[in-house]
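Each chain is listed here by its residues.
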Amino acid sequence: MTSAMTWLDPLRTSVPEIDDTGWQDLHRLAGDLGSLCASPPAPQDTPAWSRWLLNLRRELARRSHRAPAGRAGLIWQALAQFTAGFHDLDLRDATGDGHGAMILAEGTPQAATRWAARLAAGELVGIAATERHGGSRIQEITTRATVRRDGTWRLTGEKCWVSRLMESAGFVVFFRDPDGRISATVVDADSPRLEREVIEPFGLAGWSWGVLRLHELPVDPATDLVGRAGDGLGVFRRHFARFRPLVTATALGTAAGTHTLVTGALAAKIRVGVLPRVRDNALVVLGRTHAEITAALLATFTTSRLAANSHPHADFAARVGKAAGVDTAVRAVADLAPLIGAAGFQRTHPIAKARADLTGLLYADGIHDSLYRSGGCTLLAGPVTDVAPIRPGTVAVDRWDKAA
């Protein structure tokens, strides 16, 4: 059976950071995903599909599918995200620490220790940054903390378009601290001070999505903060420099899965005589989209490499790379879909789902026009600023992460 490794194995020399053991682990992951995804529930049954996705993540964690130690871990995770996306874009949280990587890299020692075990067991962490005005202007957030007599804070506000709303065991929340600076904290999802409102999305429906309201939520700045007080913008930027390439790799995996499905369907029709031949325009689409997906994937590996090495170009490359890579995936699937005929336009067909899900990624983790625009601003502003390295000595150095 064709798997994501059919796409990845020819690129092996382009990722020298991954040794033989790392490639064996990827093959093992591809094999386990192939068997575990053989009989999934119908994605249209949203509750069953979401439970299955979370259970899949936990099962893969139980089977010890983790990135290797050191800087190679982030690049391995990009390969793993492509492998998961090959089956379905909703598998973007199949492995890795996801948004929980912020806690491991920059949380207090108490928080990092507590969450390391939970993430290793397959629990999820959501991110609560976006508000009604949109997610790209984090400087304008209004969720605010007030200080109490005992020195703890109380957090009140509303966060919108929060993914993994019901499945997450915790959230990293961005807010204004009592001094008016932007800070970040980790909160447990089971707090009675949290209120959730689920909204049905168009695409990306595998994980719940909606509004998270915080009502006088207790925060201890001594133990709960992620990053230094007032460094919320830095935490956000450093995390997404590492996270966005993983999202991009997942999207390109979905496009590769669609390409493989379409190619196999056409080959089968020729084999049984339904089609006398594949027309030249279809052959052009197959060749062009394969080249475009591969080129975008190689660029994504480079972006992950920049992030793993804390290169000053990493944040810029992650922003424009995510926009360009997902655009590539969207175009590829749109061009490939007609080749399979009317069957691919059924609501229940995986190609129709892939198109809807990829459309959602044009908005998730940064609206694409905003990402391109911010990239243009960076180019005009001159040299880009440094991306601070992951804090030495934390679990994140040994086990970095995942991907949307």
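The name recorded for the protein chain in an unreviewed UniProt entry is Acyl-CoA dehydrogenase, from Plantactinospora siamensis. Quoted verbatim from the Cofactor (unreviewed entry) field of the UniProt record, the comment on the protein chain reads "FAD".

### Some thoughts on the overall build of the protein chain
The number of helices and strands found in the protein chain is 12 helices and seven strands. Relative to a compact globule of 404 residues, whose C-alpha radius of gyration would be 22 Å, the protein chain shows 21 Å and is just as compact. Each principal axis of the C-alpha atoms in the protein chain carries an extent, and together these give about 80 × 45 × 40 Å. Surface exposure of the protein chain reaches about 16900 Å², of which carbon and sulfur atoms provide 56%. Positive and negative side-chain charges in the protein chain, numbering 46 and 41 respectively, have mean positions lying 2 Å apart.

### Comments concerning the side chain of Ser 183
Relative to the assigned elements, Ser 183 resides in strand E5 (residues 182-188). Here Ser 183 falls in the buried class, since its relative accessible area comes to 0%. Engagement of the side chain of Ser 183 in a polar contact is seen with the backbone nitrogen of Gly 230, the distance being 2.7 Å. Excluding anything up to four places from it in sequence, Ser 183 contacts Val 173, Phe 174, Phe 175, Asp 177, Ala 229, Gly 230 and Gly 232.

### A closer look at the pattern of salt bridges
A side chain of one charge can pair with a side chain of the opposite charge if their charged atoms are brought near each other. Per the stated rule, a full pass over the model turns up 28 salt bridges. The network of salt bridges with common partners includes Asp 88, Asp 90, Arg 92, Lys 353 and Asp 357.

### Observations concerning the packing of helix H8 (residues 280-308) against helix H9 (residues 314-336)
Any two packed helices are characterised by the angle at which their axes cross and by the distance between the axes. With their axes 9 Å apart at the nearest point, H8 and H9 run at an angle of 160 degrees to one another. Relative to H9, the element H8 lies roughly antiparallel. As H8 runs across H9, the sense of the crossing is left-handed. Every residue of H9 that contacts H8 at Val 285, Leu 286, Arg 288, Thr 289, Glu 292, Ile 293, Ala 296, Thr 303, Leu 306 and Ala 307 is listed here: Ala 314, Ala 317, Ala 318, Thr 328, Ala 332, Asp 335 and Leu 336.

### Topic: the pairing of strand E7 (residues 209-219)
Bridging between strand E3 (residues 153-163) and E7 involves eight bridges; their strand directions are antiparallel. Directly across from Glu 158, in E7, lies its bridge partner Arg 213. Bridging between strand E6 (residues 194-198) and E7 involves five bridges; their strand directions are antiparallel. The residue of E7 that forms the bridge with Glu 197 is Val 211.

### Describing the UniProt feature "domain: Acyl-CoA dehydrogenase/oxidase C-terminal" (unreviewed entry) in the protein chain
Sites flagged by UniProt as "domain: Acyl-CoA dehydrogenase/oxidase C-terminal" (unreviewed entry) map to residues 230-358. Taken end to end, residues 230-358 is 78% helix and 0% strand, and its first and last C-alpha atoms sit 34 Å apart.

### Points about the nonpolar core
Of all hydrophobic cores here, the largest spans 94 residues; its most connected members are Phe 82, Leu 91 and Phe 174. Here the element with the most residues in this core is helix H7 (residues 232-271); it accounts for 14 residues. Residues Val 162, Leu 165, Ala 189 and Val 219 belong to the second largest nonpolar core, which totals 17 residues.

### Some words on the packing of aromatic side chains
For the structure on display, the rule yields six aromatic pairs. On the numbers, 5.1 Å between centres and 25 degrees between planes, the contact of Trp 49 with Trp 52 is stacked. With a gap of three residues between them, Trp 49 and Trp 52 both fall in helix H3 (residues 46-62), about one helical turn apart. Overall, Trp 49 belongs to the buried group, its relative accessible area being 4%. A relative accessible area of 16% places Trp 52 in the buried class.

### Notes on the pairing of strand E2 (residues 144-147)
Of the pairings in the sheet, the one linking E2 to E3 comprises four bridges and is antiparallel in character. Bridging from a neighbouring strand, Thr 146 pairs with Arg 154 of E3. Hairpin geometry of E2 and E3 is characterised by an intervening segment of five residues between the two adjacent antiparallel strands and by a positive phi of about 90 degrees at Gly 151.

### Some points on helix H4 (residues 72-85)
Under the 1.5 Å per step criterion, the end-to-end length of H4 is 20 Å for 14 residues, consistent within 8% with the ideal 20 Å. With 14 of its 14 residues buried, H4 lies for the most part within the structure.

### A short note on the packing of H9 against helix H10 (residues 350-360)
Between H9 and H10, the shortest axis-to-axis distance is 10 Å and the interhelical angle comes to 150 degrees. Taken as axis vectors, H9 and H10 run roughly antiparallel relative to one another. Like other packed secondary-structure pairs, H9 and H10 cross with a definite hand, here left-handed. For the pair H9 and H10, contact is made by Val 326, Ala 329, Val 330, Val 333 and Ala 334 and by Ile 351, Ala 354, Arg 355 and Leu 358, respectively. For the contact of H9 with H10, the per-class residue count stands at eight nonpolar, no polar and one charged.

### Quick look at the environment of Ile 103
Following the sequence through the fold, Ile 103 ends up in helix H5 (residues 101-106). Non-local contacts of Ile 103, meaning those with residues more than four positions away in its chain, are made with Ala 111, Ala 112, Trp 115, Val 125, Val 172, Val 186 and Val 226.

Cut-off values and rules
Residues numbered from 1 in each chain as written. Predicted model: local features only at pLDDT ≥ 70, side-chain atom pairs only at ≥ 80, totals over all residues. Heavy atoms only, no water. UniProt positions renumbered as here; feature names shortened; annotations may be inferred. Helix = DSSP H or I, 4+ residues; strand = E, 2+ residues; numbered from the N terminus. Rg over C-alpha atoms; globule rule 2.2 N^0.38 Å. Areas by Shrake-Rupley, 256 points an atom, 1.4 Å probe, with all protein chains shown as cover. Lys, Arg positive; Asp, Glu negative; His and termini not counted. Charge placed at Lys NZ, Arg CZ, Asp CG, Glu CD. Buried < 20%, exposed > 50% of the residue type's maximum accessible area, 1.4 Å probe, protein only. Polar contact = N/O pair within 3.5 Å; in protein donor to acceptor, adjacent residues only side chain to side chain. Contact = heavy atoms within 4.5 Å. Salt bridge = Lys/Arg side-chain N within 4 Å of Asp/Glu carboxyl O. Axes fitted to C-alpha atoms, helices over the stretch in contact; angles between N-to-C directions. Parallel < 35°, antiparallel > 145°, perpendicular 65-115°, else oblique. Left-handed = near helix turned anticlockwise from the far one by under 90°. Pairing = 2+ DSSP bridges. Core = buried A, V, L, I, M, F, W, Y, C linked by side-chain atoms within 4.5 Å. Phe/Tyr/Trp six-rings, centres within 6.5 Å; stacked < 30°, edge-to-face > 60°. Expected span 1.5 Å × (residues − 1). Nonpolar A, V, L, I, M, F, W, Y, C, P; charged D, E, K, R; others polar.

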